[in-house]
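One-letter residues, chain by chain:
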Amino acid sequence: MWRGAATRAWDACLERFGRGVPPKSCSRKGVVTMSVSPAAGLADQPAKIAVWGLAPSQEVTLRALVANGHGRLFDSCAHYQADNQGKVDLAKDLSLGGDYTGVEPMGLFWSLSPAAMEKPYHRLDPGRVKAPMKVDVSVHQGYSPPAALPGRVLARASIERWFTLSEVRRIRLKEGVVRGSLFLPPGDGLFPGVIDMFGDEGGLVEFRSSLLATHGFAALSLPYFRFEDLPQVMEDFHLEYFQEAARFLLRHPKVKGPGVGVVGTGKGAELACSMMTFLPEVVAAVCISSCSSITTSALHYGKLTLPGLCFNMSKIRISKDGVFDIYEALDDPKDPANSHCRIPIEKAEGHFLFVVGEDDRYWKSSLYAEIAIECLHQHGKDNFTLLSYPGAGHQINPAFSPVCPIALDHVLGVPILHGGDNRAHAYAQEHSWGKILEFLHFHLRLAFPNPVIY
């Protein structure tokens, strides 16, 4: 209720200070105008924002505001100075302060974070992919720092950021033991199939799958615990569950075989590596911030069991702000005593794309990628591509997603350090997303005619 009141108060503030200067489609003397193009577009595509009608060299603050599905407010701001013609163009002008500096056309989007009135460390993830994320952008007189009361409103606009297209079909899945959501692109198909999984907080996370469908993939958002009648806590995993999901996709009349791809982040990437290693149905795997070994919970497949590396709780550090640093807590996968936890990826015949941030503080994903690549080299294999990003942290999401260097763990209820410099992480997200789409299109359209069965 109070969040709704806060949003209405913000709107009232904008209306009060912006009275008499609504956005216009063309510039008039004395009227400040803001243009946004497109006003409604896909969340992984850039938007152009420009302001004109300002005085030459006038100092202004641009602010963005979003309310998520739970009513929590997220905002961002940046300081700009108009040029000699009284114009600010985010595509070419420098931000001089605020939540980011430099030329960052999409900085207002990727720097969104919990507003001052909210609890910190919440991540802005879309909960409902069939509804847009509505972003209010306003131009204010003078420079106002983050969390401060902004100056008089000069212009405002609203932007809709969509995570799917109206023509994309979303089908809730309850197929045998498999749960999730299947997103189908418009048209008759056939479409390459992709399974999409996130990390160890569980639940159904759909926004990446829905975006994949807009790029021509039949994408299955696959939860593996803490959803419906799946286990509510992370227990031992049985690879047969994930194999059944792959077989479901391949049986679907709109999915192009003979193999599917997998995209995973964190624990989901670890499972993606395992699927690629053992399942003949999987021919391409995107592993974002993965470990080279099984972690925490054992993995079973038939008579095979890979135990999980353990977290040493005594190695967790807690800052004075109550942020948990677990970087050193996971057992060392290079220790010979832990060799039985290693995923034997040398058995994989498909192709890997490893995506890592070199400042990942959740765990040592750069090291884990090196271990995996060294193993492949030792077995004479080069079926991998590595994207390694200096300054990027743990959770590398699709392009222009809000950056979150410290994220609240919704299972443990504590903030955990994910690492990364905001600007470097934003670059990693934008660059890697394009490469992920290229990788999946290339390897799934050229899938093996006869998948190898071990």
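Everything below is about the structure shown above.
Predicted, not measured: the structure shown is a model, and the values here were computed from it.

Asks: How do you make sense of the sheet that holds strand β3 (residues 48–52) when you look at a structure like this?
Replies: Pairing between the strands of a sheet comes from backbone hydrogen bonds, and it takes one of two forms, parallel or antiparallel. On the basis of which strands lie adjacent, the open sheet formed by three strands has the order β1-β3-β6 and antiparallel pairing. One side of each edge strand has no neighbouring strand; the edge strands of this open sheet are β1 (33–37) and β6 (88–89). Pairing of β1 with β3, which is carried by five bridges, proceeds in the antiparallel orientation. Bridging from a neighbouring strand, S37 pairs with K48 of β3.

Asks: Is there a simple way to explain the sheet that holds strand β19 (residues 304–306) in this structure?
Replies: Read from one edge to the other, the open sheet built from three strands follows the order β15-β18-β19, with strand pairing classed as mixed. Two strands bound the open sheet, and with one partner strand each, they are β15 (237–238) and β19. Direction of pairing for β15 relative to strand β18 (residues 299–301): parallel, over a ladder of two bridges. Along β18, the bridge assignment pairs F237 with L299. Most of the contacts of helix α5 (residues 267–278) go to β18, to which it runs at about 25°, and overall it touches β15, β18 and β19.

Asks: Could you clarify how one ought to interpret the state of the cysteines in this entry?
Replies: A covalent bond between the sulfur atoms of two cysteines is referred to as a disulfide. This structure, assessed with the given rule, holds zero disulfides. Cysteine C404 remains unbridged, with the sulfur of C77 as its closest cysteine sulfur at 17 Å. The exposure class assigned to C404 is buried, which follows from its relative accessible area of 12%.

Asks: Is there a simple way to explain the side chain of K381 in this structure?
Replies: The topology assignment puts K381 in the loop between α6 (365–378) and β23 (384–389). At 2.6 Å, the side chain of K381 forms a polar contact with the backbone oxygen of E346. For K381, the side chain forms a polar contact with the side chain of E349, separated by 3.4 Å. Excluding anything up to four places from it in sequence, K381 contacts E346, K347, A348, E349 and L376.

Asks: In this structure, what is going on with the packing of helix α3 (residues 207–214) against helix α7 (residues 422–445)? I would like to understand it.
Replies: Between two packed helices, what matters for the description is the angle formed by their axes and the separation of those axes. Contact geometry for α3 and α7: axes closest at 12 Å, N-to-C directions at 60°. Regarding the angle of α3 to α7, the classification is oblique. Regarding α3 and α7, the two cross each other, and that crossing is right-handed. Every residue of α7 that contacts α3 at R208, L211 and L212 is listed here: W433, L437 and L440.

Asks: Any chance you could explain the environment of M276 here in plain terms?
Replies: Counting through the fold element by element, M276 comes out in helix α5. A relative accessible area of 2% means that M276 is categorised as buried. In this structure the C-alpha to C-alpha distance between M276 and Q378, which are 102 residues apart in sequence, comes to 18 Å. Leave out the neighbours within four places in its chain, and M276 touches V282, V283, A284, A285, A348, G350, H351 and F352.

Asks: I would appreciate a short explanation of the packing of aromatic side chains in the present structure.
Replies: The relative placement of two aromatic rings is captured by the distance of their centres and the angle of their planes. For the structure on display, the rule yields 13 aromatic pairs. Taking 5.2 Å as the distance between ring centres and 90° as the angle between the ring planes, the aromatic pair formed by Y241 and F242 counts as edge-to-face. A relative accessible area of 1% places F242 in the buried class. Ring plane angle 10° and centroid distance 5.3 Å describe the contact between F352 and F354, whose orientation is recorded as stacked. Accessibility classification places F352 together with F354 in one group, the buried group. Ring-pair connections join several aromatic residues into one group, and the members of that group are Y224, F225, F237, Y241 and F242. The ring of Y327 has K364 sitting right over it, with the charged end atom 5.4 Å from the ring centre.

Rules used in this analysis
- Residues numbered from 1 in each chain as written.
- Predicted model: local features only at pLDDT ≥ 70, side-chain atom pairs only at ≥ 80, totals over all residues.
- Heavy atoms only, no water.
- Pairing = 2+ DSSP bridges.
- Helix = DSSP H or I, 4+ residues; strand = E, 2+ residues; numbered from the N terminus.
- Contact = heavy atoms within 4.5 Å.
- Axes fitted to C-alpha atoms, helices over the stretch in contact; angles between N-to-C directions.
- Disulfide = S-S within 2.5 Å.
- Buried < 20%, exposed > 50% of the residue type's maximum accessible area, 1.4 Å probe, protein only.
- Polar contact = N/O pair within 3.5 Å; in protein donor to acceptor, adjacent residues only side chain to side chain.
- Parallel < 35°, antiparallel > 145°, perpendicular 65-115°, else oblique.
- Left-handed = near helix turned anticlockwise from the far one by under 90°.
- Phe/Tyr/Trp six-rings, centres within 6.5 Å; stacked < 30°, edge-to-face > 60°.
- Lys NZ or Arg CZ within 6 Å of the ring centre and 35° of its normal.

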